[in-house]
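Next come the chains, spelled out residue by residue.
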Amino acid sequence: MGDKDILEKSDKLVERWKFSPSARNLKPSFIRTMLKGSSQPGVINFAGGLPAPELFPVDELKEVCTRVLDKHGRLSLQYSLSSGVQEMRELLAERSSTDDYQCTPDEIQVTSGAQQALDMIGRVFIEPGSVVLTEEPTYLGAIQAFTFYQARFVSVSTDSDGMLPDDLEKKIKQHKPAFVYVVPDFQNPAGYSWSNERRKALVGLARKYDVPVVDDNPYSELRFTGEKPKSLKALGGQHVIQLGTFSKLISPGLRIGWIAADPEIAALCERMKQAADLHTNTFTQYVIYEFSRGGGLDRHIERIKAAYSRRRDTMIEALKANFDDGTTWTEPEGGLFLWVKLPDGKSANDLIMTALENKVAYVPGMYFFSEKPDDTTLRINFCNATEENIKEGVRRLAKVFGEAK
Ligand SMILES: Cc1ncc(COP(=O)(O)O)c(C=O)c1O
């Protein structure tokens, strides 16, 4: 049965059975259909947030899995604590600590990826109609997660240094938000990182108006160049709830993420976690723990950073070589994504089907806006394709956008 048939059938079922308001309001997702198209043979896929599969540390993880079974045996296959395996929480507390912030294991809640952490945040903070302040654009998966709890989104004017403090203060006063949601390091989708000044301004306002800040942070360890800015958590202490994940550092299939927050917030999340799925996968927590303790994780991060950095340079060179029509793009110092803006009001959304016919995929930028979509933007992932495919994919993009009126 095709997607369309299934949807029609479920629409009929909604009329007969008492579905929840969230299920009734679920709309068929165009982006899902589009991402399906991007995985067809021959398509150069700049669309998904996928890390490069050929760089997954398969051989090392094989060896680590055996070590986990030898060392932790049946414990690694058993139910475990809702807050997370203790060794894992200790490791995450160590990795989350900085010169100015000492994180402790009781601040850590382990989750099934950062996406579940977003869901936990929704459960803890949002009631129908609660306002969430976001960057403009913002991470699509957060919009989806918080929409489920009927959040109302208000976007704050944002430039490549982060949210504009005046607009942020105005909107905090006006809307009394449940929290401010930000991706301050190599932002998804736009690729920029917040400056130290904007970080300080954000936490200053969070303290002044006593508003929590959710710092969604999958990418800060993927810095290729430039100086590392202060971590929001180090600057903001109690007011900042940090979310992390190993999806982009090792592999998304392992599904291990975490929340670092004051113990009171972590304890609330633990209760939500219990109700949601009891606990995160015990075995993969031990796998990551052993991989990290043996030094494999840090070595692996260095390897992928070197490869991603070359791919970013290749993508930027290819864009420069193929576009001289006023198209602009960000040049991020790390992460996975470039953000492109088309000239002359060309619509990235209107052109996506033509791009797929030409065997290249991207995500139209409009889906990353929680309020007013900018249709002339698109997100491209520079880390997932080989350098040869990056060059060819950008040539295809230039053809599609160049021929568009
Ligand atoms: C900003 C942001 N938050 C959360 C996630 C979800 O990550 P995970 O795979 O850990 O669920 C992603 C994935 O792309 C992301 O970019």
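It should be emphasised that the depicted structure is a prediction, and the values quoted were computed from it without experimental measurement. (Residues numbered from 1 in each chain as written. Predicted model: local features only at pLDDT ≥ 70, side-chain atom pairs only at ≥ 80, totals over all residues.)

J.: How do you make sense of the overall build of the protein when you look at a structure like this?
T.: Counting its secondary structure elements, the protein contains 15 helices and 15 strands. Here the protein has a C-alpha radius of gyration of 21 Å; the compact-globule value for 405 residues is 22 Å, and the two agree. For the protein, the spread of C-alpha atoms along the principal axes amounts to about 60 × 55 × 50 Å. Within the span of the protein, comprising 405 residues, buried residues form 46% of the whole. Expressed as a percentage of contacts within the protein between residues at least 6 apart in sequence, the contacts between residues at least 24 apart total 76%. (Helix = DSSP H or I, 4+ residues; strand = E, 2+ residues; numbered from the N terminus. Rg over C-alpha atoms; globule rule 2.2 N^0.38 Å. Buried ≥ 20, exposed ≤ 12 C-beta atoms within 10 Å, placed from the backbone. Contact = placed C-beta atoms within 7 Å.)

J.: Can you walk me through the sheet that holds strand β10 (residues 257-260) in this structure?
T.: What the 7 strands build is an open sheet, ordered β2-β10-β9-β8-β7-β3-β4; its pairing is mixed. Of all the strands in the sheet, just β2 (108-111) and β4 (152-155) have a single pairing partner and so form its edges. Within the sheet, the average angular offset between the axes of one strand and its neighbour, ignoring direction, is 25°. Relative to β2, helix α5 (residues 86-96) is tilted by about 115°, and along the sheet it contacts β2, β9 (240-245) and β10. Helix α11 (residues 263-277) contacts β2, β9 and β10 of the sheet and is inclined by roughly 30° relative to β2. (Pairing = 2+ DSSP bridges. Axes fitted to C-alpha atoms, helices over the stretch in contact; angles between N-to-C directions.)

J.: Help me understand the site of the ligand in this model?
T.: Among the 14 residues in the neighbourhood of the ligand, the closest are listed as G113, A114, Q115, T245 and S247. Taken together, the residues of the shell around the ligand sort by class into 5 nonpolar, 8 polar and 1 charged. (Near = placed C-beta within 6 Å. Nonpolar A, V, L, I, M, F, W, Y, C, P; charged D, E, K, R; others polar.)

J.: Explain the sheet that holds strand β12 (residues 337-341) to me, please; I cannot follow it from the model alone.
T.: Strands in a sheet are paired, the pairing made by backbone hydrogen bonds, and the direction either parallel or antiparallel. Taken in spatial order, the 4 strands line up as β11-β12-β15-β14 in an open sheet, and their pairing is antiparallel. Of all the strands in the sheet, just β11 (328-329) and β14 (363-364) have a single pairing partner and so form its edges.

J.: What is the right way to read helix α9 (residues 196-209) from this model?
T.: Residues that lie three or four places apart on an α-helix share one face, since the helix turns once every 3.6 residues. The terminal C-alpha atoms of α9 lie 20 Å apart, and with 14 residues this matches the ideal 20 Å at 1.5 Å per residue to within 8%. For α9, every residue scored as buried is listed here: R198, R199, A201, L202, V203 and A206. Structurally, α9 contributes buried residues whose contacts are with β6 (162-163), α8 (165-175), β7 (179-182), β8 (213-216), α10 (232-236) and β9. Downstream of α9 by one or two residues, D210 has phi in the positive range, about 55°. (Expected span 1.5 Å × (residues − 1).)

J.: Where do I start with the nonpolar core in this structure?
T.: Nonpolar side chains in soluble globular proteins tend to end up buried together. Counting 64 residues, the largest nonpolar core has A117, F179, Y181, V213, I259 and I288 as the members making the most contacts within it. When neighbours within four sequence positions are excluded, I288 is seen to be in contact with M88, F246, I250, L254 and I256. By size, the runner-up hydrophobic cluster in this structure holds 41 residues, among which are Y192, M315, Y367 and F382. (Core = buried A, V, L, I, M, F, W, Y, C linked by C-beta atoms within 7 Å.)

J.: Hey, could you run me through helix α12 (residues 282-293) in this one?
T.: In this model α12 runs 17 Å from its N-terminal to its C-terminal C-alpha over 12 residues, within 8% of the 16 Å that 1.5 Å per residue would give. Burial of α12 is extensive: 10 of the 12 residues sit out of reach of the surface. Among the residues making up α12, those that are buried are T282, T284, Q285, Y286, V287, I288, Y289, E290, F291 and S292. On its buried face, α12 sits against α4 (58-72), α5, β2 and α13 (296-322). Positive phi shows up at G295, right after α12, with a value of about 90°.

J.: Teacher, can you tell me more about the pairing of β4 here?
T.: Residues in a regular strand point their side chains to alternate faces of the sheet. Alignment of strand β3 (residues 131-134) against β4, held across 4 bridges, turns out to be parallel. Bridge assignment links V132 to a residue of β4, and that residue is F153. For the crossover from β3 across helix α7 (residues 140-147) to β4, the handedness is right-handed. (Right-handed = clockwise from strand over helix to strand, strands pointing away.)

J.: Would you take a moment to explain the packing of α8 against α9 for this structure?
T.: When two helices pack together, their arrangement is given by the angle between their axes and by how far apart the axes lie. Packing of α8 against α9 brings their axes to within 10 Å, and their N-to-C directions diverge by 20°. The orientation of α8 relative to α9 falls into the category roughly parallel. Crossing of α8 against α9: the hand is right-handed. When α8 is examined against α9, the residues P165, L168, E169 and I172 are found in contact with a partner set consisting of A201, L202, L205 and Y209. Considered class by class, the residues forming the contact of α8 with α9 number 7 nonpolar, no polar and 1 charged. (Parallel < 35°, antiparallel > 145°, perpendicular 65-115°, else oblique. Left-handed = near helix turned anticlockwise from the far one by under 90°.)

J.: Where do I start with the domain arrangement of the protein in this structure?
T.: When the parts of a complex come together, some accessible area is lost, and that lost area is often taken as the interface size. When cut into domains, the protein gives domain 1 (3-56 + 299-403) and domain 2 (79-295). Taking the mean C-alpha position of each, domain 1 and domain 2 sit 23 Å from one another. In this complex, domain 1 contributes 27 residues to the contact, which on the side of domain 2 involves 31 residues. Every element with two or more residues in the side of domain 1 that touches domain 2 is listed here: α13 and β12. Among the elements that make up the side of domain 1 that touches domain 2, the one with the highest residue count is α13 (7 residues). (Domains from an automatic or database assignment.)

J.: What is the right way to look at unusual backbone geometry in this model?
T.: A negative phi angle characterises most non-glycine residues, just as the trans form characterises most peptide bonds. Cis geometry is found at the peptide bond from E136 to P137, where omega equals 10°. Mapped onto the fold, P137 is located in the loop between β3 and α7. Note that the residue after N188, namely P189, is joined by a cis bond; omega there is 20°. The topology assignment puts P189 in the loop between β7 and α9.

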